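Spelled out, the chains give:
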Amino acid sequence: MRRQLALLVPGVLLLLIGGARDSPGAAPAAATVRGRVEIRNPVASPEPRPGIGDLGVDPAYQPMDRRRAVVYLETAPQPAFEEGGEMRATMRQEHETFVPHVLAIRVGTVVDFPNADPFFHNVFSLSKTRPFDLGRYARGHSKAIRFDEPGIVRVFCDIHSHMSAFILVFAHRFFAVTDDQGRYRIDRVPPGTYTMTAWYEGVSQQSRTFTVLDEGGTVDVDFSLR
Amino acid sequence: MVSACACLLLAALARPVTAQSLPTGPITTAGGRLTIGGEASASVSPSDEYYFDYSDYNYNLLRQVRADAAAVLRLGDRLALLGDIRVEGPVGEGPWTLRPYALFARIRPWPRRAFDVQAGLIPPVFGAFSRRAYGPYNPLIGFPLAYQYLTSLRPDALPASADDLLRMRGRGWLTRYPVGSLTADHGVPLVDGLHYQTGVEVHAGNNDPIEVSAALTAGSLSAPRVSGAGSGAQVSGRFSYRPVPSLVLGLSGARGVFLSRSVTDVLGAAAQQASNDQRALGFDAEYSHGHWLVRTEGVLSSWRIPALAAPFIDGPLRAFGIDVEGRYRIRPGLYAALRVDHLGFSRVAGSAGELPWDAPVRRIEAGGGYSLQRNILLKVAYQYNRRDSSYTRTSGLVSAQLLFWF
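Every value quoted in this text rests on a predicted model; they were computed, and no experiment measured them. (Residues numbered from 1 in each chain as written. Chains lettered and ligands numbered in written order. Predicted model: local features only at pLDDT ≥ 70, side-chain atom pairs only at ≥ 80, totals over all residues. Heavy atoms only, no water.)

*Asks:* Quick rundown of the overall build of chain B? Include the residues and the values.
*Replies:* The secondary structure content of chain B amounts to five helices and 22 strands. Over its C-alpha atoms chain B spans a radius of gyration of 24 Å, differing by no more than 12% from the 22 Å that the globule rule assigns to 406 residues. Reported as C-alpha extents along the three principal axes, the dimensions of chain B are approximately 100 × 50 × 45 Å. Restricting to contacts in chain B with at least 6 residues of sequence separation, those with at least 24 account for 59%. Total accessible area on chain B stands at roughly 16600 Å², and carbon and sulfur atoms take up 63% of it. Taken as two groups, the 40 positive and 32 negative side-chain charges of chain B have centres that lie 5 Å from each other. (Helix = DSSP H or I, 4+ residues; strand = E, 2+ residues; numbered from the N terminus. Rg over C-alpha atoms; globule rule 2.2 N^0.38 Å. Contact = heavy atoms within 4.5 Å. Areas by Shrake-Rupley, 256 points an atom, 1.4 Å probe, with all protein chains shown as cover. Lys, Arg positive; Asp, Glu negative; His and termini not counted. Charge placed at Lys NZ, Arg CZ, Asp CG, Glu CD.)

*Asks:* Kindly report on the overall build of chain A, identifying the contributing residues and their values.
*Replies:* Secondary structure assignment for chain A yields two helices and 19 strands. Across the 226 residues in chain A, those meeting the buried criterion constitute 56%. (Buried < 20%, exposed > 50% of the residue type's maximum accessible area, 1.4 Å probe, protein only.)

*Asks:* I'd like a rundown of the pattern of salt bridges, residues and numbers included.
*Replies:* One side chain can pair with another of opposite charge once the charged atoms of both are near each other. Residues and elements named next belong to chain A. Using the criterion set out here, one finds 32 salt bridges over all chains in the structure. Here D179 makes a salt bridge to R183, at a shortest N to O gap of 3.2 Å. D187 is paired through a salt bridge with R185; the nearest N and O atoms lie 3.0 Å apart. Of the residues examined, D187 reaches a relative accessible area of 33% and is grouped as partly exposed. (Salt bridge = Lys/Arg side-chain N within 4 Å of Asp/Glu carboxyl O.)

*Asks:* Lay out the packing of aromatic side chains in plain terms, naming residues and giving numbers.
*Replies:* One pass over the full model with this rule turns up 19 aromatic pairs over all chains. An angle of 85 degrees between the planes, with centres 6.1 Å apart, marks the rings of F132 of chain A and F147 of chain A as edge-to-face. Of this pair, F132 of chain A sits in strand β10 (residues 132-137) while F147 of chain A sits in strand β11 (residues 142-147), placing them 15 residues apart in sequence. With relative accessibility at 3%, the residue F132 of chain A sits in the buried group. When its relative accessible area of 0% is taken as the criterion, F147 of chain A is described as buried. Every member of this aromatic cluster is reached through a ring pair, and the members are F258, W303, F345 and W357 of chain B. When the ring centre of Y101 of chain B is taken as origin, the NZ or CZ atom of R86 of chain B, which lies over that ring, is 3.5 Å away. Between the NZ or CZ atom of R113 of chain B and the centre of the ring of W110 of chain B, over which it lies, the distance is 5.8 Å. (Phe/Tyr/Trp six-rings, centres within 6.5 Å; stacked < 30°, edge-to-face > 60°. Lys NZ or Arg CZ within 6 Å of the ring centre and 35° of its normal.)

*Asks:* Please give an account of the confidence of the model for chain A that cites residues and values.
*Replies:* Residue and element names in this part refer to chain A. Put simply, chain A has an average pLDDT of 84, and 81% of its residues get 70 or more. Element-level pLDDT for chain A is lowest in helix α1 (residues 12-21), with a mean of 37, against a maximum mean of 98 in strand β8 (residues 109-114). A low-confidence stretch, residues 1-24 (pLDDT under 50), is modelled with 72 contacts involving residues beyond four sequence positions or located in other chains. (pLDDT = per-residue confidence, 0-100.)

*Asks:* Can you explain the sheet that holds strand β7 (residues 102-106) of chain A? Please cite residues and give values.
*Replies:* All names here are of chain A. Ordered by their spatial adjacency, five strands build an open sheet running β7-β13-β12-β9-β10, and the pairing between neighbours is mixed. If you trace the sheet from one side to the other, it starts and ends with β7 and β10, each paired once. Between one strand and the next, the sheet's axes are offset by a mean angle of 20 degrees, whatever the strand orientation. Bridge count between strand β9 (residues 121-125) and strand β12 (residues 151-157): two bridges; the pairing is antiparallel. Following the sheet pairing, V123 is matched in β12 by C157. (Pairing = 2+ DSSP bridges. Axes fitted to C-alpha atoms, helices over the stretch in contact; angles between N-to-C directions.)

*Asks:* I'd love a proper account of the side chain of T32 of chain A, names of residues and values included.
*Replies:* Looking at where T32 of chain A falls in the secondary structure, it is placed in strand β2 (residues 31-39). With near-sequence residues (within four places) excluded, T32 of chain A lies in contact with R185, I186, D187, G217, T218 and V219 of chain A.

*Asks:* Which residues make up the pairing of strand β16 (residues 192-200) of chain A, and what values go with them?
*Replies:* Residues and elements named next belong to chain A. Most of β16 sits out of view: seven of its nine residues are buried. With four bridges joining them, strand β3 (residues 70-73) and β16 adopt antiparallel strand pairing. Bridge pairing in β16 links Y72 to T197. Sheet topology note: the β16/strand β17 (residues 204-212) ladder contains nine bridges and is antiparallel. Its bridge partner being in β17, T193 is matched across the sheet by T211.

*Asks:* Quick one: what's the story with the environment of V202 of chain B, residue by residue and with numbers?
*Replies:* Residue and element names in this part refer to chain B. Inspection of the secondary structure puts V202 in strand β10 (residues 197-204). Residue V202 is classed as partly exposed on the basis of its relative accessible area, which comes to 32%. Residues V202 and N138, 64 residues apart in the sequence, show an inter-C-alpha distance of 26 Å.

*Asks:* I'd like to hear about the sheet that holds strand β14 (residues 175-177) of chain A, residue by residue, with values.
*Replies:* Residues and elements named next belong to chain A. As summarised here, the arrangement of the four strands in space is β14-β3-β16-β17, forming an open sheet in which the pairing is antiparallel. Edge positions in the sheet fall to β14 and β17, since each has one partner strand and no second. Adjacent strand axes in the sheet meet at a mean angle of 15 degrees, parallel and antiparallel pairs treated alike.

*Asks:* An account of a nonpolar patch on the surface is needed here, citing residue identities and associated values.
*Replies:* Residue and element names in this part refer to chain B. Side chains of L338, V340, I364, Y370, L372, L378, V380, Y382, Y384, V398 and L402 sit close together on the surface and give an oily, nonpolar patch of about 940 Å² of accessible area. Among the elements of the structure, β17 (334-345), β20 (361-373), β21 (376-387) and β22 (393-405) are those that each provide at least two residues to the nonpolar patch. Of the residues forming the nonpolar patch, the biggest block, four residues, is contributed by β21. With respect to the element layout, L378 can be found in strand β21. (Patch = residues over 30% accessible without salt bridge, like charges linked within 9 Å, V, L, I, M, F, W, Y side chains within 5 Å.)

*Asks:* Explain the nonpolar core residue by residue, including any values.
*Replies:* F126, L153, L165, L190, F258, L317 and W357 of chain B are the most contacted members of the largest nonpolar core, which has 42 residues in total. Secondary-structure elements contributing two or more residues to this core are α2 (145-148), β8 (157-158), α3 (162-167), β15 (292-304), β16 (317-331) and β17 of chain B. Ignoring any residue separated from it by four or fewer positions in sequence, one finds F126 of chain B in contact with R131, Y147, V191, L221, S252, G253, A254, A280, L281, G282 and V299 of chain B. The next biggest cluster of nonpolar side chains, apart from the first, holds 23 residues, and it includes A31, V189, M196 and F223 of chain A. (Core = buried A, V, L, I, M, F, W, Y, C linked by side-chain atoms within 4.5 Å.)

*Asks:* Describe the pairing of β21 of chain B, listing the residues and the values that go with them.
*Replies:* Residues and elements named next belong to chain B. Bridge analysis of β20 against β21 gives twelve bridges, and the strand direction is antiparallel. If you follow E365 over to β21, its bridge partner there is Q383. In sequence, β20 turns back onto β21 through a hairpin of two residues. In this sheet, β22 lies alongside β21 in antiparallel orientation, the contact comprising twelve bridges. Among the inter-strand pairings, L378 is bridged to a residue of β22, identified as L402. Counting the residues in the hairpin turn of β21 and β22 gives five residues.

Right, here's the structure in full:
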């Protein structure tokens, strides 16, 4: 299925919103945006290719729960882009899967790829956002990649074709990966009107618009993905 | 304060990202019990006028179109059925064929143990290359000589004397002998890596330092048979040792009946009791680290056939093939590869003197691959072949292959 996903579309609207907040006076309260993403048709965990030429047992592969979506603001207040600091994340190779299967990070984050399996993996990506090839390395070893551009990075293993993962790179901090119940929570969202998108496995996405009032509080935004 | 500059910067950074439009993995259905994978490839090259790359299919492996669908149906923890159907044919030369390539049951008596039994039309246990002959597992387009090059021996026809055999040196793609089938046909490679065999195989180990396989099948390494009726049995085995994740060492052995019943039936009783088998020993090694992958594989094969007329074929006919292959991943999606290959033969005394019973061959293949998408690979290679016959033949072939798999 061909889908296009713009991870970050700068908000002209936010210029106006942000401009209003720049006036002297009491700082407006930030809100918590939370909700639930319902995934009606979860993507099945890919099975290994039929090992016709194999001499024996199936690989020690453990399918993963793939009902994890990523929720993010299409537009964000400017200060969100200035928040920085050393950011580090981890995507393990374990039981012939990538853990986590979906990783959401900010631009500038360094992701470690430790191998926890007793055999080689070869992590690579051909994505335009950040192509890389870490080569083969054994258990107990790790290599790292820094992601400096926003976008989607599809990650694979050259040795085990059923291994795949997503890394979503954002230029701001207003994103979250849903938990095993499909819930998410994004804190400290300044007042304003936003478009929020829920993304799932590159096969489904949905956007909703909501407003955070000056008094802050909690805003509920739910999604239902086909 | 909101910075318009920041927004403009984001506008530059933000761009649509397109998800992959072709499947990247196998199709799973029937509640996860049925998994179907596929592979399609098209290879092109100039005409191979000296028949270096002709296979036992009687067509050029560098000029073929092939598609296959493989499936595994899991029937509980202990039983799975596996099958592979293939359509293949030469580019612009003759008919295409559709046939079942593999069809067997995989039984795991103890689901928690890395031990299973495979029965039916099963993969060969000998060696390493036959399990990675196709697709992305072969970094080049051609095959190692031991698995592909056609020697002058045939299971359905027999040279009566050493002169008959030496007359066919370097003509494995089309040989003719006076005993058995009188029709000119192609010979056999040391190991037929393109056909599966009917039989039973047991295997122990799964990503363990030591793995062991043994099989009882029909035919021999160079002439496997789908039907066991009327043909002899082959015993083969493989032992692999992985002392560290980066290194795999393998030893293989096989012994099976070589000549078909159509030949032995026309021989006298004494000749029928004479030796008739193929024995083979193989070693293989694979070392990988970082962006490097190096493999080597050697096969020593000997055929014992009845000696019918003078000058007699004394002793077994031996052949030794060895190749060394390397691959280096230059950057994401791009690699370079090289294989150096040699195939030699033991000597036989004929009326005109002693010669290798078939013409030795050397091959160097260099090339690379570029991933247009994760599962769409374009390979390009140059292959140089040299055959040391009474009239030395050399050929240089440029080939390309487009491969899609899921």
